[in-house]
Every structure is written in C-alpha cells, then in structure tokens.
Amino acid sequence: MGHLVEGKNIVIMGVASERSIAWGITSSLHKAGANLIFTYRQERSYKKLTKLLEKHDIEAQLVVSCDVASDESITSAFNTIKDEIGTIHGVVHSVAFANRDELQGEYADTSRDGFLLAQEISAYSLVAVTKAAKELMTEGGSIVTQTYLGAERVIQNYNVMGVAKASLEASVRYLAEDMGKYGIRVNAVSAGPIRTLSAKGVSGFNEKMGVIEEKAPLRKNVDQDQVGDATLFFMSELSRGITGEVLHVDSGYHIIG
Ligand code: NDP
Ligand code: N5H
C-alpha cells in the first residue's frame, strides 16, 4: 500500500485523540504517501494532534481551525488551505455531535434544539464542507464520511444520532450525484463500535461491543486501523468506479438478522 495516495493532498477533520477514527485514518493515509492537512475545533484537540504528529513522526502540511457549526469558520479554513496548499484531492469528514442526555431513553423525547444540533454538526456539515472543498478539487477527488448502522435500523440509545446519520447517508447519495460531473466521489464508511472519546460515557456502549463478539460473522470488534484502510481505499484510485456508497466495516454484523 506504499504509494496508493502518493502526493495527494488530503484534509482530515476530526482528530481529538489517539483513539479517534480520524487518527486511524491518518496512519493509513500517511503510510500510503499522502500529504496531510488537519482541521480541529477545540484547542484541546489541537494540542493532542500536535503531540501525536510529533510522536509518530508525521509532518502535517497544515493544521487549521474549523468549527463546522459556522459557515464563516468553514470558509475561512478552506480559504487558508487554498492559499497555503492550492489543489486538494481528498477530504475525510469524521465529526459528529449530539447532546449526551439525548443519546439514551426514548427518541420521542428529543428536543427541537437537540434534533437540529445533531443534524447541523453531524449531517449538514458534510454538505457545507463538500461545497467548500469542491473549489479546491480542481483535479477531481474523493470525500469520505463516517456513519453507523443506527442510520439504517433502530439501535437502542443511538436515537437522535441515528436520524442524523440517516440524513448524512442520504446526503452522501445526493452529493455523489452533484459532484460526479466534477470527478469528485462521495462515500461513507459505516464502522462497528470503537471506543473513542465520543463513545466514552454514552449508555450501552460496552454492551454493543459484546454483541459484536458474539454475533458478528468475524466474532471480533473492528478497530481504527481497519476503518483507516477502508478509507484509504476510498481515497485511492482502487475505488475509482465507486460513489454514493456506504461500506460497512463492522466484522459483517449488518448482515445478521
Ligand atoms: P472522536 O470523539 O474521536 O471524534 C469526534 C470529533 O468530532 C472530534 O474530533 C470533535 O472535535 C469533532 N467535532 C464535534 N463537533 C465539531 C464541530 N462543531 N466542528 C468541528 N469538529 C467537531 O470520536 P470518533 O472518532 O468515534 O468519531 C468520528 C466519527 O465516527 C463520527 O462521525 C462518529 O459518529 C463516527 N462513528 C463512530 C463510531 C464509534 O463507535 N466510535 C462508530 C461509527 C461511526 P473537537 O473535540 O475538537 O470538538
Ligand atoms: C448505540 C450506540 C451507543 C449510544 C450512542 C452513542 C452516540 C455517539 C455519537 C455522538 C457523536 C457522541 C457525542 O456527541 C458525545 C457528546 O455529547 C459528549 N462528548 C464530547 O463532547 C467529546 C469530548 C467530544 C470529543 O465528542 C464530540 N463528538 O465532539 C452507538 C455506539 C455503539 C457507536 C458509536 C459511538 C457511534 C458514533 O456515531 O460515534
């Protein structure tokens, strides 16, 4: 896999810690020769990222702040990327957010604000980022987001995030149609449960991991590196015929009834 994305400029959004799915993706893309640009929201994530890059001897082309809740922040981030880097070939979207108290109990209790917040950060952000990134993808490109099975089925506690991921997956299809004519592909990876900062403290997470070990065809949980390699596939020319797809990296769990 040494040269699958050699020389490609790829933006990675959503590294918050060494456990982040976006960090697994960073490892895979780095090993495959990509030039990496990072965006972060919280200062804490910026510090983590800087330390991680140093520890793993990875040189970022650029690290820029981007809060996907704000159009100005997205515009400013991609303008900086345009000025400093120029053409980009890929974007990894690995961000989501919902109020913790709405990731338990009944979905019917979801507040209007909580619903809109989850949609804004976890689904609309892909639309806004795609629009901004398209201007820099003058040689075509690949956009990959992260989703979860709770978009397709009712999974206890996922609630408002399940509805946001359904919206995200539908956006992947509509965006794939729009972007196809510019040579830009848009896909999603649907990962099984992985212990990350986001997953920390959410109700029922441990049980979900246990079920995978018991019921998934491969009888084990997935990890960040497996998602990283699948994302690398989507970033590379190996997937050149694929767009609008949701690829499950979940030990096969989604096929089990
Ligand atoms: P992490 O907590 O590591 O990453 C979540 C990221 O979202 C953080 O980097 C956070 O940045 C970012 N984020 C939240 N709000 C904003 C915002 N307004 N603007 C910019 N960035 C924001 O968790 P994961 O790696 O688990 O999550 C990454 C993606 O993977 C999410 O889309 C998640 O739904 C998806 N996923 C996760 C699974 C799992 O089991 N972990 C399974 C399937 C999908 P900051 O901290 O700086 O705010
Ligand atoms: C069925 C499950 C378990 C229950 C639901 C979990 C949903 C998690 C997704 C969201 C993104 C988590 C979230 O927004 C947490 C925040 O309220 C609080 N956390 C934070 O603010 C931390 C510090 C920052 C870094 O997090 C974010 N997001 O900014 C699903 C699980 C089996 C799989 C899973 C965990 C899926 C997923 O989408 O992440």
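Residues numbered from 1 in each chain as written. Chains lettered and ligands numbered in written order. Predicted model: local features only at pLDDT ≥ 70, side-chain atom pairs only at ≥ 80, totals over all residues. Heavy atoms only, no water.

Asker: So what's going on with the packing of aromatic side chains? Residues and values would help.
Answerer: Applying the stated criterion to the full structure yields three aromatic pairs. Aromatic pair Y40 and Y46: ring centres 4.9 Å apart, planes at 45 degrees, arrangement tilted. Ring centres of Y148 and Y158 lie 4.8 Å apart, and the angle between their planes is 65 degrees; this geometry places the pair in the edge-to-face category. Residue Y148 is found in the loop between β5 (141-147) and α5 (159-180), and its partner Y158 is found in the loop between β5 and α5; the two are separated by ten residues along the sequence. Comparing Y148 with Y158, the two get one shared label, buried. The ring of Y182 has K134 lying over it, and the distance from NZ or CZ to the ring centre is 4.5 Å. (Phe/Tyr/Trp six-rings, centres within 6.5 Å; stacked < 30°, edge-to-face > 60°. Helix = DSSP H or I, 4+ residues; strand = E, 2+ residues; numbered from the N terminus. Buried < 20%, exposed > 50% of the residue type's maximum accessible area, 1.4 Å probe, protein only. Lys NZ or Arg CZ within 6 Å of the ring centre and 35° of its normal.)

Asker: Lay out the packing of helix α4 (residues 112-134) against α5 with the relevant residues and their values.
Answerer: At a closest axis distance of 8 Å, the pairing of α4 and α5 adopts a crossing angle of 20 degrees. In terms of orientation, α4 and α5 fall into the roughly parallel class. Between α4 and α5 lies a crossing whose hand is right-handed. Listed contacts from α5 to G114, F115, A118, Q119, S122, A123, L126, V127, T130 and K134 of α4 are V160, M161, V163, A164, S167, L168, S171, V172, L175 and M179. (Axes fitted to C-alpha atoms, helices over the stretch in contact; angles between N-to-C directions. Parallel < 35°, antiparallel > 145°, perpendicular 65-115°, else oblique. Left-handed = near helix turned anticlockwise from the far one by under 90°. Contact = heavy atoms within 4.5 Å.)

Asker: Now, about the pattern of salt bridges: what can you tell me, with residues and values included?
Answerer: Applying the stated criterion across every chain yields a total of three salt bridges. Among the salt bridges present, the one from K55 reaches E18, with a minimum N-O distance of 3.2 Å. Taken as a pair, K55 in helix α2 (residues 43-55) and E18 in the loop between β1 (9-13) and α1 (21-31) lie far apart in primary sequence, 37 residues in all. By relative accessible area, which is 58% here, K55 ends up exposed. Across the salt bridge formed by E135 and K134, the nearest N and O atoms sit 3.5 Å from each other. (Salt bridge = Lys/Arg side-chain N within 4 Å of Asp/Glu carboxyl O.)

Asker: Before we move on, can you summarise the site of ligand 1 with the specific residues and values?
Answerer: With respect to spatial proximity, 27 residues lie near ligand 1, and among them S20, R41, S45, I194 and T196 are the closest. V68 is positioned such that a nitrogen or oxygen atom in its backbone is 3.0 Å from a nitrogen atom of ligand 1. I194 places a polar main-chain atom, nitrogen or oxygen, 2.7 Å from an oxygen atom of ligand 1. Summarising the interface, the protein chains cover 93% of the accessible area of ligand 1, which totals 890 Å² for the free molecule. (Near = heavy atom within 4 Å. Polar contact = N/O pair within 3.5 Å; in protein donor to acceptor, adjacent residues only side chain to side chain. Areas by Shrake-Rupley, 256 points an atom, 1.4 Å probe, with all protein chains shown as cover.)

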